[in-house]
Amino acid sequence: MGKNDCIVVGGGIIGMATARELALRGLRVSLFDKGKLGMESSWAAGGILSPMRPWSENPGSFELSHQGKACYAGFISELKQQTGIDPEYYCSGLLMISQDDVGKTLQWAKNHEILFDEEYKNYPVNMRIPAKSIFLAEIAQVRVPRLLKALHASLLDLQVNIFENAELADLDNTQNNTQGILQSVTISGKKHYADNFIITAGAWTEKLLKKNDAQIEIEPVLGQMLCLKFPEQRFEMMVLDGGHYFIPRKDGHILIGSTMEHVGFNKETSETAKNELMAWARELWPDISEAKFIKHWSGLRPATENGKPYIGQLENYDNVYINAGHFRKGILQAPVCARMISEMIC
Ligand SMILES: Cc1cc2nc3c(=O)[nH]c(=O)nc-3n(C[C@H](O)[C@H](O)[C@H](O)COP(=O)(O)OP(=O)(O)OC[C@H]3O[C@@H](n4cnc5c(N)ncnc54)[C@H](O)[C@@H]3O)c2cc1C
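Throughout this document, residue positions are counted from 1 along each chain, in the order its sequence is written. Totals for whole chains, interfaces and linings use every residue, but because this is a predicted model, local features are given only for residues with pLDDT of at least 70 and side-chain atom pairs only at 80 or more, for both listing and counting. Based on all heavy atoms of the structure, the side-chain values leave hydrogens and waters out of the count.

1. Examining the site of the ligand
- Any residue with a non-hydrogen atom lying within 4 Å of a molecule or strand is treated as near it. Asp33, Ser42, Ile48, Leu168 and Phe327 are the nearest of the 37 residues found near the ligand.
- Taking lysine 34, its main chain carries an N or O atom lying 3.0 Å from a nitrogen atom of the ligand.
- What sets the accessible areas is the Shrake-Rupley method with a 1.4 Å probe; for residues, cover comes only from the shown protein chains. Against a free-state accessible area of 1,000 Å², the protein chains account for coverage of 98% of the ligand.
- Only DSSP runs of H or I covering at least 4 residues are called helices, and only runs of E covering at least 2 are called strands; the numbering of each starts at the N terminus. Contributions of two or more residues to the shell around the ligand are made by helix 1 (13–24), helix 2 (41–44), strand 8 (218–229), strand 12 (292–304) and helix 8 (330–345).
- In the scheme used here, Gly and all other residues not listed as nonpolar or charged are polar, with Ala, Val, Leu, Ile, Met, Phe, Trp, Tyr, Cys and Pro taken as nonpolar and Asp, Glu, Lys and Arg as charged. Counted by class, the shell around the ligand contains 17 nonpolar, 13 polar and seven charged residues. We define a polar contact as two N or O atoms separated by no more than 3.5 Å, with the added condition that, inside protein, one atom must be a possible hydrogen donor and the other a possible acceptor, whereas residues neighbouring each other in sequence contribute only through side-chain atom pairs.

2. A word on the pairing of strand 13 (residues 310–313)
- In this description, strands pair whenever DSSP reports at least two bridges between them. Pairing of strand 13 with strand 14 (residues 320–324) involves four bridges; the strand directions are antiparallel. Directly across from isoleucine 311, in strand 14, lies its bridge partner asparagine 323.
- Hairpin connection of strand 13 to strand 14: six residues between the antiparallel strands, including asparagine 316 at a positive phi of 70 degrees.

3. Remarks on the environment of alanine 169
- Mapped onto the fold, alanine 169 is located in the loop between strand 5 (161–163) and strand 6 (184–187).
- The classification of residues rests on relative accessible area computed with a 1.4 Å probe and restricted to protein chains. Under 20% of the type maximum is buried, over 50% is exposed, and intermediate values are partly exposed. By relative accessible area, alanine 169 is classed as exposed at 60%.
- Along the sequence, alanine 169 and lysine 329 sit 160 residues apart, while their C-alpha atoms lie 27 Å from each other.

4. Looking at the pattern of salt bridges
- Whenever a carboxyl oxygen of Asp or Glu lies within 4 Å of a side-chain nitrogen of Lys or Arg, that contact is scored as a salt bridge. Per the counting criterion, the structure on display carries 16 salt bridges.
- One salt bridge in this structure joins lysine 3 and aspartate 195, with 2.7 Å as the shortest N-O distance. One end of the pair, lysine 3, is in the segment before strand 1 (4–9); the other, aspartate 195, is in strand 7 (residues 190–199), with 192 residues separating them in the sequence.
- Measuring nitrogen to oxygen at the nearest pair gives 3.0 Å for the salt bridge that ties glutamate 40 to lysine 267.

5. Examining helix 5 (residues 144–157)
- Between the first and last C-alpha of helix 5 there are 20 Å, a value that for 14 residues agrees with the 20 Å anticipated at 1.5 Å per step.
- Taken together, the buried positions of helix 5 are Val144, Leu147, Leu148, Ala150, Leu151, Ser154 and Leu155. One face of helix 5 carries all of its buried residues, which in axial projection span an arc of 160 degrees. Facing away from the buried side of helix 5, by more than 90 degrees, are the exposed residues Lys149, Leu156 and Asp157.
- Taken together, the buried residues of helix 5 touch helix 1, strand 2 (29–32), helix 2, helix 3 (59–83), strand 5 and helix 8.
- Just past helix 5, the residue glutamine 159 takes up positive phi, approximately 60 degrees. Every helix has an expected span of 1.5 Å times one less than the residues it contains. Comment: arc refers to directions from the helix axis out to C-beta atoms. By the convention used here, residues are in contact when the closest approach between their heavy atoms is within 4.5 Å.

6. Considerations on the side chain of glutamate 88
- By the secondary structure assignment, glutamate 88 is in the loop between helix 3 and strand 3 (94–96).
- A polar contact of 2.9 Å, which involves the side chain of glutamate 88, links it to the side chain of arginine 146.

7. Points about unusual backbone geometry
- Backbone geometry at asparagine 316 places phi at a positive 70 degrees, although glycine is not the residue there.
- Within the secondary structure, asparagine 316 is located in the loop between strand 13 and strand 14.

8. A few points about the packing of aromatic side chains
- Pairing of aromatic rings covers Phe, Tyr and Trp, the last counted by its six-membered ring, and requires centre-to-centre distances within 6.5 Å; plane angles under 30 degrees mean stacked, over 60 mean edge-to-face, and any other angle means tilted. Scanning all chains against the criterion turns up twelve aromatic pairs.
- Cluster of aromatic residues (ring-pair linked, three or more members): Phe230, Phe235, Phe246, Trp280 and Trp285.
- To sit over a ring, a charge needs its Lys NZ or Arg CZ within 6 Å of the ring centre and within 35 degrees of the ring normal. We note lysine 34 situated over the ring of tryptophan 204; from NZ or CZ to the ring centre the distance is 4.3 Å.
- For lysine 274, the ring lying beneath its charged end belongs to phenylalanine 293, and the centroid distance is 4.2 Å.

9. A word on the nonpolar core
- In this description, a nonpolar core means a group of buried Ala, Val, Leu, Ile, Met, Phe, Trp, Tyr and Cys residues linked to one another through side-chain atoms lying within 4.5 Å. One finds Leu147 and Ile331 to be the most contacted residues of the largest nonpolar core, which totals 36 residues.
- Elements supplying a minimum of two residues to this core: strand 1, helix 1, strand 2, helix 3, helix 5 and helix 8.
- Here this core takes seven residues from helix 1, the largest share from any one element.
- The residues touching isoleucine 331, leaving out its near neighbours within four places in the chain, are Ile13, Ser42, Ala45, Leu49, Tyr72, Val142, Val144 and Leu147.
- Membership of the second largest hydrophobic core comes to 27 residues, among which are Ile187, Ile216, Ile218 and Leu222.

Shape descriptors only; they carry no functional weight alone.
Laid out in structure tokens, this is it:
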């Protein structure tokens, strides 16, 4: 294998989308992950293609979400055409029911010309929806594990070199020459050379760059999620109640999310979280008790202090870039952030 144009470290949705975008621009790309591609935070995600509390978002991150939303249909359609895999992207709409959030949602929707309906009454049967809820018809969802499968197939098709179970321990400063150019990284005892390096290690990014005195602060925030199943889909819209939500899929699966826990890199699921999610779900919609329990999982969201991801050059290096810290919006923001970082490189 010859020298790479780009090495991408971290194969979640951000790394996969970045590697794909660079390969589409004709560059030779290698993608490394310490485990299997897409099996960390990205696999855990629900796939709501909207910020949860858009009115309180950092303006820079809001802009990324806005652009992400605008380009998603095109991104999915290209992937589907290239790979034949359908990630089930569609505008199911979202019903915002938290009475604390209704006023702010309304104001935000008006300010940003988002289609909203205050009079909407076609609620899911037997759901205890407060009278003043708002339906946002344009909000879409995507089935994330299928999206990741499509991205993986696309990378293979574009001849991206994929290395799994390949962990980068750190960026070795001795590899630098005086201009701040990184020549290579050593992974699993082997040197890999490239012109450019992109770090997309999600919640592990700060850890990875610790030795480099980089001013990067990314904290893991655990999220737990449940999946249940009905024989058929009972309702179509997503329902958001503060931090809790239902995401119904077309085949009867229904996701119940999610917790927000500051427990470091501990990814264990807990009965406490499962009980909390089920109690919320039953209280709002007793019919959920008829569904079959399928799975309980967790993921580590990469959170930054100001809510905006790091997208750009790493301090002291001319050819090392970061694309990390997308917190609760990495699925939504992946295509637009991949494009941004690629435009900095070529
Ligand atoms: C429960 C839950 C629900 C969510 N719901 C949504 C949602 O509805 N909509 C939305 O937009 N977002 C959602 N998110 C957030 C979204 O999942 C994340 O923002 C996104 O997955 C971040 O992607 P990433 O590629 O940066 O991180 P990850 O997917 O965590 O990928 C990072 C990768 O880097 C690898 N890595 C780390 N260190 C190294 C190293 N040293 N060497 C090599 N590889 C390394 C890891 O193995 C991992 O595969 C949710 C998250 C959770 C946990």
